[in-house]
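# Structural characterization, general
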Amino acid sequence: AVCKGREIYNLDADSGAIRWQFTTNDKMESSPAAHPDGLVFFCSSGGWVFAMNKMGRSAWQASVAGPPGYIQMVDAPVVLGADGLIYVTPRHGTIFAIDPKDGKINWSHSIGGQGVGINPVTVTPDGYVFARNLQGVLVGLSPEGKMLWQVKGSNRAPFSPPSCFGKDRLIVGIGPDLTTFQIKT
């Protein structure tokens, strides 16, 4: 699936032909994600998450809008976690873990600041979530969405967005260096 403006298009991988098209309530800034069962997940900048089935019919919609006065834009990619949940992070600074079957929000947790911006979250196979907010703070959350730890980078050695490797490695850029940490659960 690809997004352009307020439109999302599901394309046939072999021919490039448009299978279906959907118009959202607002423009889209984030990258969509596809589930192995054929659902496609995407967000509008107004704080809505959409799920479409293989036939282009709406499976569900969920709001991830924040409080009035906060930036509602979702420009971080939708992440399909190895734990089976989808993760959406609007700029208002809250990570949402959503059940892909029905759009129910399993948990949400504010990581501070005005969000993670275009920085994606990363998720281990057993559901531990790691992210960096726009203030440069690196956070680790439990599979239940509880804050486990947070570390602030420095101006001389800022954190990059984290990435998981396997089930027990966290990779983070710290200044000019790439560092690997072992995750102990």
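Just so it is clear, the model here is predicted, and its values are computed rather than measured. (Residues numbered from 1 in each chain as written. Predicted model: local features only at pLDDT ≥ 70, side-chain atom pairs only at ≥ 80, totals over all residues. Heavy atoms only, no water.)

### What about the overall build of the protein chain?
- Across its full length, the protein chain carries zero helices and 18 strands.
- What you see for the protein chain is a C-alpha radius of gyration of 17 Å, in line with the 16 Å of a compact globule of 185 residues.
- When its C-alpha atoms are laid out on the principal axes, the protein chain stretches across 45 × 40 × 30 Å.
- Among the 185 residues that make up the protein chain, the fraction classed as buried is 44%.
- Restricting to contacts in the protein chain with at least 6 residues of sequence separation, those with at least 24 account for 34%. (Helix = DSSP H or I, 4+ residues; strand = E, 2+ residues; numbered from the N terminus. Rg over C-alpha atoms; globule rule 2.2 N^0.38 Å. Buried < 20%, exposed > 50% of the residue type's maximum accessible area, 1.4 Å probe, protein only. Contact = heavy atoms within 4.5 Å.)

### Brief notes about the environment of Gly16
- For Gly16, the location among the structural elements is in the loop between strand 2 (7–11) and strand 3 (18–23).
- Separated by 22 residues in the primary sequence, Gly16 and Gly38 place their C-alpha atoms 17 Å from one another.

### With respect to the pairing of strand 13 (residues 129–132)
- Residues Val129 and Ala131 of strand 13 are buried on one face, and the alternating residues Phe130 and Arg132, pointing to the opposite face, are buried as well.
- Pairing of strand 12 (residues 122–123) with strand 13 involves two bridges; the strand directions are antiparallel. Within strand 13, the position partnered with Val123 by the bridge is Val129.
- Hairpin connection of strand 12 to strand 13: five residues between the antiparallel strands, including Gly127 at a positive phi of 95 degrees.
- With four bridges joining them, strand 13 and strand 14 (residues 137–141) adopt antiparallel strand pairing. Looking at the pairing, Val129 lines up with Leu141 of strand 14.
- Taking the residues that link successive antiparallel strands as the turn, the strand 13-strand 14 hairpin has four residues, and the phi of Gly136 there is positive, at about 85 degrees. (Pairing = 2+ DSSP bridges.)

### Some thoughts on the nonpolar core
- With 15 residues, the main nonpolar core has Phe41, Val49, Trp60, Val64, Val88 and Ile98 as its most contacted residues.
- When contributions to this core are tallied by element, the ones reaching two or more residues are strand 5 (40–43), strand 6 (48–52), strand 7 (58–63), strand 9 (86–88) and strand 10 (94–98).
- For Trp60, the contacting residues outside a window of four places in its chain are Phe41, Val49, Phe50, Ala51, Ile86, Ile98, Asp99, Pro100, Lys101, Asp102 and Gly103.
- With 14 residues, the next largest nonpolar core counts Val79, Trp107, Val129 and Leu141 among its residues. (Core = buried A, V, L, I, M, F, W, Y, C linked by side-chain atoms within 4.5 Å.)

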